[in-house]
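Reading the structure
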Amino acid sequence: MDKYKTILYTLQTIIVISLIWYGLEWAIYGELKENIVDTIILMLFIPVIYKAVRSDFKKEE
């Protein structure tokens, strides 16, 4: 059960980060641009988010 909860919170965190990123792009550039570098950085950042969420759930136990 904890694994599913960790994955769910990781996905929610990724969505929030993406929405903030899109909002900043829109505010700065006035448009949304699909950039491969942004996608690669987010993909590399996913394991870091997952481990942070997992360690947070372990502290609660």
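Preceding this paragraph is the structure being described.
This report concerns the structure included in the present document. (Residues numbered from 1 in each chain as written. Predicted model: local features only at pLDDT ≥ 70, side-chain atom pairs only at ≥ 80, totals over all residues. Heavy atoms only, no water.)

Scanning the protein chain from N- to C-terminus turns up 2 helices and 0 strands. Here the C-alpha atoms of the protein chain give a radius of gyration of 14 Å, more than 25% beyond the 10 Å that 2.2 N^0.38 yields for 61 residues. A principal-axis box enclosing the C-alpha atoms of the protein chain has dimensions of 45 × 20 × 15 Å. Burial status across the protein chain gives 13% buried among its 61 residues. Residue pairs at least 24 apart in sequence account for 73% of intrachain contacts in the protein chain once pairs closer than 6 positions are excluded. If you sum the accessible surface of the protein chain, you get close to 5,200 Å²; carbon and sulfur atoms cover 69% of it. Treating the 7 positive side-chain charges of the protein chain as one cloud and the 8 negative ones as another, the clouds have centres 10 Å apart. (Helix = DSSP H or I, 4+ residues; strand = E, 2+ residues; numbered from the N terminus. Rg over C-alpha atoms; globule rule 2.2 N^0.38 Å. Buried < 20%, exposed > 50% of the residue type's maximum accessible area, 1.4 Å probe, protein only. Contact = heavy atoms within 4.5 Å. Areas by Shrake-Rupley, 256 points an atom, 1.4 Å probe, with all protein chains shown as cover. Lys, Arg positive; Asp, Glu negative; His and termini not counted. Charge placed at Lys NZ, Arg CZ, Asp CG, Glu CD.)

The next subject is the packing of aromatic side chains. Within this structure, the stated rule accounts for 0 aromatic pairs. Directly above the ring of Tyr-29 sits Lys-33, whose terminal nitrogen or CZ lies 4.1 Å from the centroid. (Phe/Tyr/Trp six-rings, centres within 6.5 Å; stacked < 30°, edge-to-face > 60°. Lys NZ or Arg CZ within 6 Å of the ring centre and 35° of its normal.)

Attention now goes to the side chain of Thr-6. Following the sequence through the fold, Thr-6 ends up in helix 1 (residues 2-29). When its relative accessible area of 3% is taken as the criterion, Thr-6 is described as buried. Beyond its immediate sequence surroundings of up to four residues, Thr-6 is in contact with Tyr-50, Val-53, Arg-54 and Phe-57.

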